[in-house]
Structures are given as C-alpha cells and as structure tokens.
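# Commentary on secondary and tertiary structure
Here's the letter readout for the chains.
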Amino acid sequence: MQQGSGSETEVTWEDQQNINKFGRLNTRFHELEDEIKVAKETSENLEDAENELILTDEETIRFQIGEVFAHVSKEEVESRLESMKEVTSKNLEKLEEEKESILAQMAELKKILYGKFKDSINLEED
C-alpha cells in the first residue's frame, strides 16, 4: 500500500518494536491522565473536609474508616486529614513526573518514526 510520497518504506523489526512501544506509552499516558484527575479530586475533597472541620464546633467527629464511621476527636481527624493530604500530594507529584517522562519518550519515538516513515504513519490523536 503506497501513501504519502508514493514510496514504500520497509518496516523492520526494530521499527515495529518502536511502534509497539509508542502504543504502550500512549495507553499508559491516558491511564495517568485519569489517575491524575482522580488524585486532584481527592485532594480537593480533603481540602473541603479540612475547611468543614474548621467550621464545626463539635469536639467529636464522625470519621469514616473503611466502610464504617467512628467517633474520633477533632484533633485526631485534623491529623489524619493532614497525613492523607500529604500522601495524595506525593502521589500526584509522582504521577505528574511519570507523565512528563512518558511525554518525552513519546516525542523521541515520534521523531524517529516520522523521520523514517514521514507521512506514511500517523501517531497523532484524533
């Protein structure tokens, strides 16, 4: 099948490996975007919970642990929310770093593949 410039370029085993790697990276990139979205929502929810906690007068708060609610002191809830925020923040940072790494690898593979196949290959999202 001839496309683009009208000349057919042979696909070597190495080229196929690069195309497959690009596909795996692209899939992981989309998974990361979803994970980042969930982590940001979790961070916002924890922030909202912390703000609501500031507004309450009660000393004992119902705090969800697993699937049950337990009566926990306000100070303990504040401490738990803070540690949960730290964990979420570190997780979000790790996900963002992985996303940047994947984007860099994908850009390098695009350069290699477009260099060889020119417009006979499409690596762009629609």
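Provided above is the structure to which this section pertains.
This text gives an overview of the structure that appears in the document. Note that the coordinates shown come from a computational prediction; the quantities given were computed from them, not determined experimentally.

## Quick look at the overall build of the protein
Each helix and strand counted, the protein has 2 helices and 2 strands in total. In the protein, the succession of helices and strands from N to C terminus is α-β-β-α. Relative to its length of 126 residues, the protein is extended, with a C-alpha radius of gyration of 24 Å against a globular reference of 14 Å. Taking the principal axes of its C-alpha atoms as reference, the protein extends roughly 75 × 25 × 25 Å. For the protein, with 126 residues in total, the buried portion stands at 24%.

## Let's talk about the pattern of salt bridges
Throughout the structure, instances matching the rule amount to 9 salt bridges. Of the charged contacts in the structure, one is a salt bridge between Asp15 and Lys116, with a shortest N-O distance of 2.5 Å. Residue Asp15 is located in helix α1 (residues 13-55), and its partner Lys116 is located in helix α2 (residues 74-117); the two are separated by 101 residues in the primary sequence. Relative accessible area serves as the criterion here: at 30%, Lys116 is assigned to the partly exposed category. When salt bridges that share partners are traced, they join Arg28, Glu31, Glu35 and Glu98 into one network.

## Comments concerning the side chain of Asn26
Mapped onto the secondary structure, Asn26 falls in helix α1. Polar contacts involving the side chain of Asn26 include one to the side chain of Glu125, which spans 3.2 Å.

## So, α2
The end-to-end C-alpha separation of α2 is 63 Å, in line with the 64 Å expected for 44 residues at 1.5 Å each. At the exit of α2 stands Lys118, carrying a positive phi of roughly 50 degrees.

## Observations regarding the pairing of strand β1 (residues 60-65)
Note: β1 against strand β2 (residues 68-73), 6 bridges, orientation antiparallel. Among the inter-strand pairings, Gln64 is bridged to a residue of β2, identified as Phe69. Between β1 and β2, which follow one another and run antiparallel, lie 2 residues, and Gly66 among them has a positive phi close to 70 degrees.

## Comments concerning the nonpolar core
Within the largest apolar cluster, 15 residues are counted, with the highest numbers of intra-cluster contacts made by Ile102 and Met106. Listed by contribution, the elements that provide at least two residues to this core are α1 and α2. Top element by residues in this core is α2. It accounts for 7 residues. Other than its neighbours up to four places away in sequence, Met106 contacts Phe22, Leu25, Asn26 and Phe29. If you look at the next biggest cluster of nonpolar residues, it comprises 7 residues, including Leu53, Phe63, Val77 and Leu81.

## Quick notes on the environment of Ile19
Structurally, the position occupied by Ile19 is in helix α1. Linking Ile19 and Leu109, residues 90 residues apart in sequence, is a C-alpha distance of 8.0 Å. Among residues more than four places away in sequence, those in contact with Ile19 are Leu113 and Ile121.

Here is what the cut-offs are and how they apply
- Residues numbered from 1 in each chain as written.
- Predicted model: local features only at pLDDT ≥ 70, side-chain atom pairs only at ≥ 80, totals over all residues.
- Heavy atoms only, no water.
- Helix = DSSP H or I, 4+ residues; strand = E, 2+ residues; numbered from the N terminus.
- Rg over C-alpha atoms; globule rule 2.2 N^0.38 Å.
- Buried < 20%, exposed > 50% of the residue type's maximum accessible area, 1.4 Å probe, protein only.
- Salt bridge = Lys/Arg side-chain N within 4 Å of Asp/Glu carboxyl O.
- Polar contact = N/O pair within 3.5 Å; in protein donor to acceptor, adjacent residues only side chain to side chain.
- Expected span 1.5 Å × (residues − 1).
- Pairing = 2+ DSSP bridges.
- Core = buried A, V, L, I, M, F, W, Y, C linked by side-chain atoms within 4.5 Å.
- Contact = heavy atoms within 4.5 Å.

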